[in-house]
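Working through the structure, step by step
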Amino acid sequence: MTQQDEQEIMNQLKDPKTRRKAFEQLVNQYSEQLYWQVRRIVLLHEDANDVLQNVFLKAWSKLDSFHQESKISTWLYRIALNESLDFMRRKKAQMVSTDDDETTVGSMLLADDYFNGTEVEAMLQEAVAQLPDVQRTVFNMRYFDDMKYSEISEILQTSEGSLKASYHIAVKKISEFFKHRD
């Protein structure tokens, strides 16, 4: 989306007469991109759909507080990231209190009807899921979304140097995960 398109959408979002239609455009424009960002964090299709719905509900409710200090895509990405991480924290807390089962992320993915990857891809997702939140987020954005450090820096509001370090550490941990699996 060009800067001019973005400004036009923002003007439409500010006008009560065109707000709903402009927001529908945002949903259409960013749904797929945000779905995959969320899905890489929460892993399961149903969970990703639930989180994505929450992302757009939160964006709609916070439209008046968006002051164009960043691009719309950056703002939506940040909301999606926060909603995904919050979801995972709640899920982890529930699993700790109710689950003795040794179900792994890989086995959950392989059982998911919407997962069409290989066993190696499921193992990669399992390795990524074991990373701390920041490392997992940076790895997903850099590796899967092929984002530049400058873009990630804007979304996460941190320095490029710390992002590079987080990515490097994440790659090392994932490599170790695979070495121990052999």
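Please refer to the structure placed before this passage.
What you see is a predicted model, and the numbers here were worked out from it, not measured in a lab. (Residues numbered from 1 in each chain as written. Predicted model: local features only at pLDDT ≥ 70, side-chain atom pairs only at ≥ 80, totals over all residues. Heavy atoms only, no water.)

Comments concerning the overall build of the chain
Of the regular secondary structure elements, the chain holds nine helices and zero strands. Secondary structure elements of the chain occur, N-terminal to C-terminal, as α-α-α-α-α-α-α-α-α. Looking at the chain as shown, the accessible area adds up to about 11,000 Å², and 48% of this sits on carbon and sulfur atoms. (Helix = DSSP H or I, 4+ residues; strand = E, 2+ residues; numbered from the N terminus. Areas by Shrake-Rupley, 256 points an atom, 1.4 Å probe, with all protein chains shown as cover.)

With respect to the packing of aromatic side chains
Enumeration over the complete set of coordinates arrives at 10 aromatic pairs. Ring centres of phenylalanine 139 and tyrosine 167 lie 5.6 Å apart, and the angle between their planes is 15°; this geometry places the pair in the stacked category. Pair noted here: phenylalanine 139 is in helix H7 (residues 133–144) and tyrosine 167 is in helix H9 (residues 160–181), with a separation of 28 residues, a long-range link. Judged by relative accessible area, which is 5%, phenylalanine 139 ranks as buried. Overall, the relative accessible area of 18% leaves tyrosine 167 in the buried class. Taking the centre distance of 4.9 Å and the plane angle of 90° together, the rings of tyrosine 143 and phenylalanine 144 count as edge-to-face. The exposure class of phenylalanine 144 is partly exposed, given its relative accessible area of 29%. One cation-aromatic arrangement involves arginine 19 over tryptophan 60; the distance from NZ or CZ to the ring centre is 5.8 Å. It is arginine 142 that lies over the ring of tyrosine 149; its NZ or CZ is 4.4 Å from the centre. (Phe/Tyr/Trp six-rings, centres within 6.5 Å; stacked < 30°, edge-to-face > 60°. Buried < 20%, exposed > 50% of the residue type's maximum accessible area, 1.4 Å probe, protein only. Lys NZ or Arg CZ within 6 Å of the ring centre and 35° of its normal.)

A word on the packing of H7 against H9
Contact geometry of H7 with H9 gives a least axis separation of 8 Å together with a crossing angle of 95°. With respect to H9, the axis of H7 lies roughly perpendicular. Together, Val134, Gln135, Val138, Phe139, Arg142 and Tyr143 of H7 and Leu163, Ser166, Tyr167, Ile169, Ala170, Val171, Lys173 and Ile174 of H9 make up the contact between the two elements. Split into classes, the residues belonging to the contact of H7 with H9 amount to 10 nonpolar, two polar and two charged. (Axes fitted to C-alpha atoms, helices over the stretch in contact; angles between N-to-C directions. Parallel < 35°, antiparallel > 145°, perpendicular 65-115°, else oblique. Contact = heavy atoms within 4.5 Å. Nonpolar A, V, L, I, M, F, W, Y, C, P; charged D, E, K, R; others polar.)

Side note on the nonpolar core
Ranked by size, the top nonpolar core spans 45 residues in total, and within it Leu13, Leu34 and Ile72 carry the most contacts. Listed by contribution, the elements that provide at least two residues to this core are helix H1 (3–14), helix H2 (19–42), helix H3 (45–61), helix H4 (72–98), helix H6 (119–129), H7, helix H8 (149–156) and H9. The contact partners of leucine 13, leaving out residues within four places of it in the chain, are Arg19, Ala22, Phe23, Leu26 and Leu63. (Core = buried A, V, L, I, M, F, W, Y, C linked by side-chain atoms within 4.5 Å.)

Focus on H3
In an α-helix, one turn spans 3.6 residues; hence positions three or four apart end up facing the same way. Between its first and last C-alpha atoms H3 spans 24 Å; for 17 residues at 1.5 Å apiece the expected length is 24 Å, and the two agree. Taken residue by residue, H3 has His45, Asp47, Ala48, Val51, Leu52, Val55, Phe56 and Ala59 as its buried positions. Each buried residue of H3 sits inside an arc of 165° when the element is viewed along its axis, so together they form one side. Summarising the geometry of H3, the exposed residues directed more than 90 degrees from the buried face are Gln53, Leu57 and Ser61. (Expected span 1.5 Å × (residues − 1). Arc of directions from axis to C-beta.)

So, unusual backbone geometry
For leucine 43, which is not glycine, the phi torsion reads 75° and is therefore positive. Structurally, the position occupied by leucine 43 is in the loop between H2 and H3. The residue aspartate 146 is not glycine, and still its phi comes out positive at about 55°. With respect to the helices and strands, the residue aspartate 146 is situated in the loop between H7 and H8.

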